[in-house]
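Spelled out, the chains give:
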Amino acid sequence: VQLVESGGGMVQPGGSLRLSCAASGFTFSRSDMSWVRQVPGKGPEWVSTIGTGGGTEYADSVVGRFTISRDNAKNTLYLQMNSLNPDDSALYYCALGGRVYSVHTRAYWGQGTQVTVSS
């Protein structure tokens, strides 16, 4: 399993970023995929999941602001993040699996991409 995130960066409050995750080494189209984020000194926080059928789930803290999507033809997972605020600052990981499995299975995370929201 290989997951490579990109798209992080520094943005002002209210801004937007789009994260991407290139997946390989497994059957992407048959796998639930998630985004997980972590702040130094704290445990990982589940952000969002997209199922094989396209169904989506979001943490309460991001609902209405973040949108998860996938392109099975490109083996790529996305996270569109709008209306960002400083509490969204974290290292964002692409993760294999659904809501519970992804948070507890660090072996199937990418290397992470840093998102910093600051004025």
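Coordinates for the structure precede this section.
Let me sum up the structure you'll find in this document.

Thresholds applied
- Residues numbered from 1 in each chain as written.
- Predicted model: local features only at pLDDT ≥ 70, side-chain atom pairs only at ≥ 80, totals over all residues.
- Heavy atoms only, no water.
- Core = buried A, V, L, I, M, F, W, Y, C linked by side-chain atoms within 4.5 Å.
- Buried < 20%, exposed > 50% of the residue type's maximum accessible area, 1.4 Å probe, protein only.
- Helix = DSSP H or I, 4+ residues; strand = E, 2+ residues; numbered from the N terminus.
- Contact = heavy atoms within 4.5 Å.
- Pairing = 2+ DSSP bridges.
- Axes fitted to C-alpha atoms, helices over the stretch in contact; angles between N-to-C directions.

Examining the nonpolar core
Then step 1. Ranked by internal contacts, the top residues of the largest apolar core, which has 32 residues, are Met33, Trp35, Phe66, Leu77, Leu79, Met81 and Tyr92.
Then step 2. Where this core is concerned, the elements lending two or more residues are strand S3 (17–24), strand S4 (33–38), strand S5 (45–50), strand S7 (66–71), strand S8 (76–81), strand S9 (90–96) and strand S10 (113–117).
Then step 3. Here this core takes six residues from S9, the largest share from any one element.
Then step 4. Setting aside residues up to four positions removed in sequence, leucine 77 forms contacts with Leu19, Ser20, Cys21, Phe28, Met33, Ser34, Trp35, Ile50, Ile68, Ser69, Arg70 and Cys94.

With respect to the pairing of S4
Then step 1. Most of S4 is tucked away, with six of its six residues classed as buried.
Then step 2. With burial as the criterion, each face of S4 is covered, one bearing Met33, Trp35 and Arg37 and the other bearing Ser34, Val36 and Gln38.
Then step 3. Bridging between S4 and S5 involves five bridges; their strand directions are antiparallel. Paired with methionine 33 across the two strands is isoleucine 50, which belongs to S5.
Then step 4. Where S4 folds back onto S5 in an antiparallel hairpin, the turn is made up of six residues, including glycine 41, whose phi is positive at roughly 90 degrees.
Then step 5. As paired elements, S4 and S9 share six bridges and run antiparallel to each other. In the strand pairing of S9, glutamine 38 is matched with leucine 91.

A closer look at the sheet that holds S5
Then step 1. Sheet architecture is open: six strands sit in the order S2-S10-S9-S4-S5-S6, paired in mixed fashion. Single-partner strands in this sheet number two, and they are strand S2 (9–11) and strand S6 (56–58). Each strand of the sheet is rotated relative to its neighbour by a mean of 25 degrees, with strand direction disregarded.
Then step 2. When S9 meets S10, the two strands line up antiparallel, connected through three bridges. Note that in S10 the partner of tyrosine 92 across the bridge is threonine 113.

The values reported here are purely geometric and, on their own, carry no functional implication.
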